[in-house]
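Chain by chain, the residues:
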Amino acid sequence: MALSDDLERIAQLAAAAGEVTAVLAAEPSRGGRYYLLALGEDDERTWPVVDDTGAPVPPRELVREVSSLVVLCEVAGDVAGGGDLEELRRQLAQLRMTEQPEGIEEA
């Protein structure tokens, strides 16, 4: 089953607990895929972690590891130009032409 199918399935299972605003997957060192959910909005938002069946994950260490992996991946995606590689290349080319900073050729 594709990741997108898994995310949709988990969102449908989690909908019984409230409005699902996000489902993010992680595969921690102990194996298996777990999901960090965003349920609700704003100050009412909760962040439970569930397993592949949609059941809450009780071990605090596993919740911490899954949450950390998801956050690290989100930050890495943002730092890497948000996934828009062509836009990043365009910006680097423009920077090279207009300001010629040291090290731009390596970038």
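For the structure, check the block above.
Residues numbered from 1 in each chain as written. Predicted model: local features only at pLDDT ≥ 70, side-chain atom pairs only at ≥ 80, totals over all residues. Heavy atoms only, no water.

(A) Seen up close, the environment of A15. By the element assignment, A15 lies in the loop between α1 (3-14) and β1 (20-26). Assessed through its relative accessible area of 46%, A15 is described here as partly exposed. Residues A15 and L39 lie 24 residues apart in sequence; the distance between their C-alpha atoms is 8.4 Å. (Helix = DSSP H or I, 4+ residues; strand = E, 2+ residues; numbered from the N terminus. Buried < 20%, exposed > 50% of the residue type's maximum accessible area, 1.4 Å probe, protein only.)

(B) Highlighting the sheet that holds β1. As summarised here, the arrangement of the three strands in space is β1-β2-β3, forming an open sheet in which the pairing is antiparallel. Each edge of the open sheet is held by one strand with a lone partner, namely β1 and β3 (49-50). Strand direction decides the pairing type here: strand β2 (residues 34-39) and β3, joined by two bridges, are antiparallel. Its bridge partner being in β3, L36 is matched across the sheet by V49. The strands that helix α2 (residues 60-79) touches are β1, β2 and β3; relative to β1, the one it contacts most, it runs at about 100°. (Pairing = 2+ DSSP bridges. Contact = heavy atoms within 4.5 Å. Axes fitted to C-alpha atoms, helices over the stretch in contact; angles between N-to-C directions.)

(C) A look at α1. Taking 1.5 Å as the rise per residue, α1 with 12 residues should run 16 Å; its terminal C-alpha atoms sit 16 Å apart, in good agreement. Looking at α1, one finds that the buried residues are D6, I10, A11 and A14. Taken around the axis of α1, the buried residues stretch over an arc of 135°, which confines them to a single face. Along α1, exposed side chains directed more than 90 degrees from the buried face belong to S4 and Q12. Elements in contact with the buried residues of α1: β1, β2 and β3. (Expected span 1.5 Å × (residues − 1). Arc of directions from axis to C-beta.)

Nothing here speaks to function; it is geometry throughout.
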